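Listed here are the chains, written in short residue letters.
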Amino acid sequence: CAKNLVDTEVMCGSLASAGLALTNVADAADVLLINTCCFIEDSRAESANEIENALHWKSMSPGRQLVVAGCWPQRDAAALIASFPDIDLLIGIDQIATVGDRIKALLAEPGEVAVPEFVEPAYLYDESTPRLQVTPSVYGYVKIADGCDNRCHYCAIPMIRGPQRSRLLQ
């Protein structure tokens, strides 16, 4: 989704700002970062498949770390860790802008992952947030709002993304 794409670009900006090198070649990496979606069952299955692949990658070399971010940790961190106990770090919606520092801390001192209790998200990036565009240079997404105040019985967006919040006009 476009919201997760923007979140990924913010995480890339945080990683670069923290002095961490980015690569799209898994075997050249020490850490894999997966930004998940869990809005519908198909997206959760796709996320689970990527986590399983990453756990296989992790098992191939000592010291490799797996970080799972986004909607799934935000929605149900305990179930995620119960299903995939070898995840090293979970990042919720409000932590995406600090992922670089969190991964540096993980690399400096790996340990057992604590299951975080994420609060209702309140974060929304703005023009001062470091961001590394990963879309082609001819277009990009700007997230001007996130969350939703409607509590429709069939929709998980408010539970995952929190209340509706908008960027201020400059």
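Refer to the preceding data block for the structure.
Residues numbered from 1 in each chain as written. Predicted model: local features only at pLDDT ≥ 70, side-chain atom pairs only at ≥ 80, totals over all residues. Heavy atoms only, no water.

K.L.:
Would you mind showing me how to read the side chain of Arg165 here?
P.N.:
Inspection of the secondary structure puts Arg165 in strand S5 (residues 165-166). Relative accessible area serves as the criterion here: at 11%, Arg165 is assigned to the buried category. One polar contact links the side chain of Arg165 to the main-chain carbonyl oxygen of Ala122, over a distance of 3.3 Å. Those residues in contact with Arg165 that sit more than four places away from it in its chain are Ile93, Pro121, Ala122, Tyr123, Leu124, Ile144, Ala145, Asp146 and Gly147. (Helix = DSSP H or I, 4+ residues; strand = E, 2+ residues; numbered from the N terminus. Buried < 20%, exposed > 50% of the residue type's maximum accessible area, 1.4 Å probe, protein only. Polar contact = N/O pair within 3.5 Å; in protein donor to acceptor, adjacent residues only side chain to side chain. Contact = heavy atoms within 4.5 Å.)

K.L.:
How do you make sense of the sheet that holds strand S3 (residues 89-91) when you look at a structure like this?
P.N.:
For sheets, the rule is that strands pair by backbone hydrogen bonds, running either parallel or antiparallel. The strand order S1-S2-S3 describes an open sheet built from 3 strands, whose pairing is parallel. Both outer strands of the open sheet, strand S1 (31-36) and S3, are each paired with one neighbouring strand and no more. Taking each pair of neighbouring strands and ignoring which way they run, the sheet shows an average axis angle of 20 degrees. Pairing of strand S2 (residues 65-70) with S3, which is carried by 3 bridges, proceeds in the parallel orientation. Across the sheet, residue Ala69 finds its bridge partner in S3, namely Ile91. Sitting on the sheet, helix H1 (residues 2-17) touches S1 and S2, and the angle it makes with S1 is about 155 degrees. The strands touched by helix H3 (residues 71-83) are S1, S2 and S3; relative to S2, the strand with the most contacts, the crossing angle is about 130 degrees. (Pairing = 2+ DSSP bridges. Axes fitted to C-alpha atoms, helices over the stretch in contact; angles between N-to-C directions.)

K.L.:
How should I be thinking about the pattern of salt bridges in this particular structure?
P.N.:
Opposite charge on two side chains permits pairing when their charged atoms draw close. If you walk through the whole model with that rule in mind, you get 12 salt bridges. With a closest N to O distance of 3.3 Å, Lys143 and Asp146 form a salt bridge. Just as Lys143 is buried, Asp146 falls in that class too. Here Asp146 and Arg161 are joined by a salt bridge, their closest N and O atoms 3.0 Å apart. Of this pair, Asp146 sits in strand S4 (residues 145-146) while Arg161 sits in helix H5 (residues 157-161), and the two are 15 residues apart along the sequence. Both residues of the pair, Asp146 and Arg161, count as buried. (Salt bridge = Lys/Arg side-chain N within 4 Å of Asp/Glu carboxyl O.)

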